Amino acid sequence: DAKTTQPTSMDCAEGRAANLPCNHSTISGNEYVYWYRQIHSQGPQYIIHGLKNNETNEMASLIITEDRKSSTLILPHATLRDTAVYYCIVRVAGGSEKLVFGKGTKLTVNP
Amino acid sequence: GAVVSQHPSWVICKSGTSVKIECRSLDFQATTMFWYRQFPKQSLMLMATSNEGSKATYEQGVEKDKFLINHASLTLSTLTVTSAHPEDSSFYICSARLSSGSYEQYFGPGTRLTVT
């Protein structure tokens, strides 16, 4: 599975949009971009995934660049409960079953 | 849907004893479950992949005789930490993979193990 690069930490004001970047320059054509988050002392939570089109669900939006070498997770109106470590992972959907977690981005939402 | 539970949520044990952690998929069947370990301020590290009815596959560096994994049914996998030592103190997290459809993984809430 391709490696990803994320900033170590980010801050965001409550109510504002949080934009979390991820670089995955070696992504293969059949690899999806997945986002999970982990709130302190809890198990990871699935957020969203996509292949090449932008995706949106009730939690977030995923914007993938046309060359697919990077993506951005957008939390449109961040709340204090969104404070967590966000992991960007690329993998083949339904293929290699391992999820390889990098260090992720620690997002702190400030009041 | 797709809820995974773990029991216990936290446990304290004495050095040299064994501890069993259960991972259950509550509303779906999971032919494959995964066990992760997470030390403070570090990311999740995959320990092993557990397939129902067969032996688990351990990641490099993980002692299979120390971390016994049993996946006897489609909804239950157990991790037993044998002869626990203080360095085994960690946050243990399981995940279960859907057996069909999206094959997504869903994570349990984790078990905090402290060995004294």
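For the structure, check the block above.
Quick caveat: nothing in here was measured; it's all calculated off a predicted structure.

Cut-off values and rules
- Residues numbered from 1 in each chain as written.
- Chains lettered and ligands numbered in written order.
- Predicted model: local features only at pLDDT ≥ 70, side-chain atom pairs only at ≥ 80, totals over all residues.
- Heavy atoms only, no water.
- Disulfide = S-S within 2.5 Å.
- Helix = DSSP H or I, 4+ residues; strand = E, 2+ residues; numbered from the N terminus.
- Buried < 20%, exposed > 50% of the residue type's maximum accessible area, 1.4 Å probe, protein only.
- Pairing = 2+ DSSP bridges.
- Axes fitted to C-alpha atoms, helices over the stretch in contact; angles between N-to-C directions.
- Contact = heavy atoms within 4.5 Å.
- Buried area = accessible area lost by both parts, 1.4 Å probe.
- Salt bridge = Lys/Arg side-chain N within 4 Å of Asp/Glu carboxyl O.
- Polar contact = N/O pair within 3.5 Å; in protein donor to acceptor, adjacent residues only side chain to side chain.
- Nonpolar A, V, L, I, M, F, W, Y, C, P; charged D, E, K, R; others polar.

Undergrad: Mind laying out the state of the cysteines, listing which residues take part and the relevant values?
TA: Covalent bonding between the sulfur atoms of two cysteines defines a disulfide. For the coordinates displayed, the defined rule picks out 2 disulfides over all chains. Two residues, A:C22 and A:C88, share a disulfide whose sulfurs are 2.1 Å apart. On the S-S bond that ties A:C22 to A:C88, the torsion sits near -80°, and the link is left-handed. Of the two residues, A:C22 is situated in strand 2 (residues 18-23) and A:C88 in strand 8 (residues 84-92); the sequence distance between them amounts to 66 residues. For the pair A:C22 and A:C88, one class covers both residues: buried. Between the sulfur atoms of B:C23 and its disulfide partner B:C94 the distance amounts to 2.0 Å. Of note, the bridge from B:C23 to B:C94 carries an S-S torsion of about 80° and is right-handed in sense. Highlighted residues: B:C23 in strand 3 (residues 19-25) and B:C94 in strand 9 (residues 90-97), separated in sequence by 71 residues. A relative accessible area of 0% means that B:C94 is categorised as buried. Between A:C12, a free cysteine, and A:C22, which holds the nearest cysteine sulfur, the sulfur-to-sulfur gap is 18 Å.

Undergrad: Account for the sheet that holds strand 1 (residues 4-7) of chain B, naming residues and giving values.
TA: All names here are of chain B. Here 4 strands make up an open sheet; going across it, the order is 1-3-8-7 and the pairing antiparallel. The outermost strands of the open sheet, each flanked by one partner alone, are strand 1 and strand 7 (67-73). Neighbour-to-neighbour, the strand axes of this sheet turn through a mean angle of 15°, independent of strand direction.

Undergrad: Run through the interface of chain B and chain A, naming residues and quoting values.
TA: Each partner contributes residues to the interface: chain B has 18 residues there, and chain A has 17 residues. Overall, the association of chain B and chain A removes approximately 1400 Å² of surface from exposure, summing both partners, and the carbon and sulfur fraction of that is 51%. Here chain B is connected to chain A by 0 salt bridges. At the junction of chain B with chain A, the criterion picks out 3 residue pairs in polar contact (both at pLDDT 80 or more). Examining the composition of the side of chain B that touches chain A, we find that 4 residues originate from one element, strand 4 (residues 32-38) of chain B, more than from any other. Looking at side-chain class alone, the side of chain B that touches chain A contains 9 nonpolar, 5 polar and 4 charged residues.

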